[in-house]
Amino acid sequence: MLTMEEQAQIAPAGTGSEKEQAVQRMFSSIARYYDLNNSLLSLGLHHAWKRQAVAYLSPNDRNVLDVGAGTADLALLAANRLGSGARIVAADFNHPMLAIGLKKVRKADRQKQILCVQANAERLCVPDGTFDAVTTGFCMRNVGSLPQALREIRRVLKPGGLLICLEFSRPVASWLRGLYDWYSFTLLPWIGTKVSGDRTGVYDYLPASIRAFPDQDGLARLMREVGFGHVEYRNLSGGIVAIHVAVR
């Protein structure tokens, strides 16, 4: 078991292609175990967190982009919420994760409604003002440049469109922060590695990436700095995760 200092060093340093490549290698290695470990490591709570995130979508949102779609959980929930008239683009840079998402989309018979595309969150190849809403779940802390990813999301949103960002954050209570740190840096890597057989260090990287990510107020401030208007957030599970909603 690594020390906390060693774990913190696992998070790929810097921004851009170096971090991008390291993250892609790690997520490729665990793609087939990703959904199982999500349920195990969150005690099944990630399903409720995602449902609460897509609840911010409006019936008027006809074109939705899910950035960092992974295995397409949010995209599928969005399709169920908005109905067959809505179109969802599920975009992720990691091919193995997206391939699993596409299988789930086909199994749910949503392939006419959900388009799975391989794309980089920092370079979305669509015109300005394309989407009514953008969702993203547990992705933003893995991008090479967080400000650039937020600027790109803002660019592709229509005026008045919403960014709905679900991400791990900072527990509010000090006792919960201590318990969560112990779980994240000790138990989570052990369980995740045992289940997946991973040897890339991804389950050490994940808690380190959460610790390095801006807290609730820090992320809200950054969203405003890149040009979003009204920004608010809602803590879930005592602040272990938060939903930020920002208006273009």
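These numbers come from a predicted model, not from an experiment.

**Let's talk about the packing of aromatic side chains**
Applying the stated criterion across every chain yields a total of three aromatic pairs. Aromatic pair W49 and F168: ring centres 6.2 Å apart, planes at 85°, arrangement edge-to-face. Of the two residues, W49 is situated in helix α4 (residues 45-54) and F168 in strand β5 (residues 157-168); the sequence distance between them amounts to 119 residues. Since its relative accessible area comes to 19%, F168 is described here as buried. Taken together, a centroid distance of 4.7 Å and an interplanar angle of 35° make the contact between F138 and F168 tilted.

**What to know about the packing of helix α7 (residues 146-156) against helix α10 (residues 216-225)**
Axis separation between α7 and α10 bottoms out at 9 Å; the angle between their running directions is 55°. In terms of their interaxial angle, α7 and α10 are classed as oblique. Crossing geometry of α7 relative to α10 is assigned as right-handed. The residues of α10 that touch α7, namely those facing L146, P147 and L150, are L219, L222 and M223. Here the residues of the contact of α7 with α10 sort into six nonpolar, no polar and no charged.

**Observations concerning the sheet that holds strand β7 (residues 241-247)**
Taken in spatial order, the seven strands line up as β3-β2-β1-β4-β5-β7-β6 in an open sheet, and their pairing is mixed. Here the strands that pair on one side only, and so sit at the sheet edges, are β3 (114-118) and β6 (231-236). Taken pair by pair, the neighbouring strands of this sheet meet at an average axis angle of 15°, ignoring direction. In the sheet, β6 pairs with β7 via six bridges, with the strands oriented antiparallel. If you follow N235 over to β7, its bridge partner there is A242. Packed onto the sheet, helix α5 (residues 73-82) meets β1 (63-67), β2 (87-92), β3 and β4 (131-137) and runs at close to 175° relative to β2.

**Comments concerning the pairing of β3**
Both β2 and β3 contribute to a ladder of five bridges, which runs parallel. For I88, the partnering residue across the bridge sits in β3 and is I114. Following the chain from β2 across helix α6 (residues 95-107) to the adjacent parallel β3, one finds a crossover that is right-handed.

**With respect to the nonpolar core**
Ranked by internal contacts, the top residues of the largest apolar core, which has 33 residues, are W49, L57, I88, I114, L166, F168 and V241. Of all the secondary structure elements, the ones that give two or more residues to this core are α4, α5, β2, α6, β3, β5, α8 (174-196) and β7. Sequence-distant contacts of I114, that is, excluding residues within four places in its chain, are made with A75, L76, A79, I88, A90 and V105. Formed by 28 residues, the second largest nonpolar core is a distinct cluster that contains F131, M140, I153 and L222.

**Comments concerning the environment of F93**
Mapped onto the elements, F93 comes out in the loop between β2 and α6. Sequence spacing of F93 and E122 is 29 residues, and the spatial spacing of their C-alpha atoms is 10 Å. Beyond its immediate stretch of four places on either side in the chain, F93 contacts E20, Q24, Q118, A119 and N120.

**Quick look at helix α3 (residues 34-41)**
Residues of α3 that are buried: Y34, N37, N38 and L41. Buried residues of α3, seen end-on, are gathered within an arc of 105° and therefore sit on one face of the element. In the stretch just after α3, L43 is the one whose phi turns positive, near 55°.

**As for the packing of α3 against α8**
Interhelical geometry of α3 versus α8 gives an angle of 145° and a closest axis separation of 10 Å. In this structure, α3 crosses over α8, and the sense of that crossing is right-handed. For the pair α3 and α8, contact is made by L36, N37, L40 and L41 and by Y183, L188, I191, G192, V195 and S196, respectively. Partitioning the contact of α3 with α8 into residue classes produces seven nonpolar, three polar and no charged.

What counts and how
Residues numbered from 1 in each chain as written. Predicted model: local features only at pLDDT ≥ 70, side-chain atom pairs only at ≥ 80, totals over all residues. Heavy atoms only, no water. Phe/Tyr/Trp six-rings, centres within 6.5 Å; stacked < 30°, edge-to-face > 60°. Helix = DSSP H or I, 4+ residues; strand = E, 2+ residues; numbered from the N terminus. Buried < 20%, exposed > 50% of the residue type's maximum accessible area, 1.4 Å probe, protein only. Axes fitted to C-alpha atoms, helices over the stretch in contact; angles between N-to-C directions. Parallel < 35°, antiparallel > 145°, perpendicular 65-115°, else oblique. Left-handed = near helix turned anticlockwise from the far one by under 90°. Contact = heavy atoms within 4.5 Å. Nonpolar A, V, L, I, M, F, W, Y, C, P; charged D, E, K, R; others polar. Pairing = 2+ DSSP bridges. Right-handed = clockwise from strand over helix to strand, strands pointing away. Core = buried A, V, L, I, M, F, W, Y, C linked by side-chain atoms within 4.5 Å. Arc of directions from axis to C-beta.

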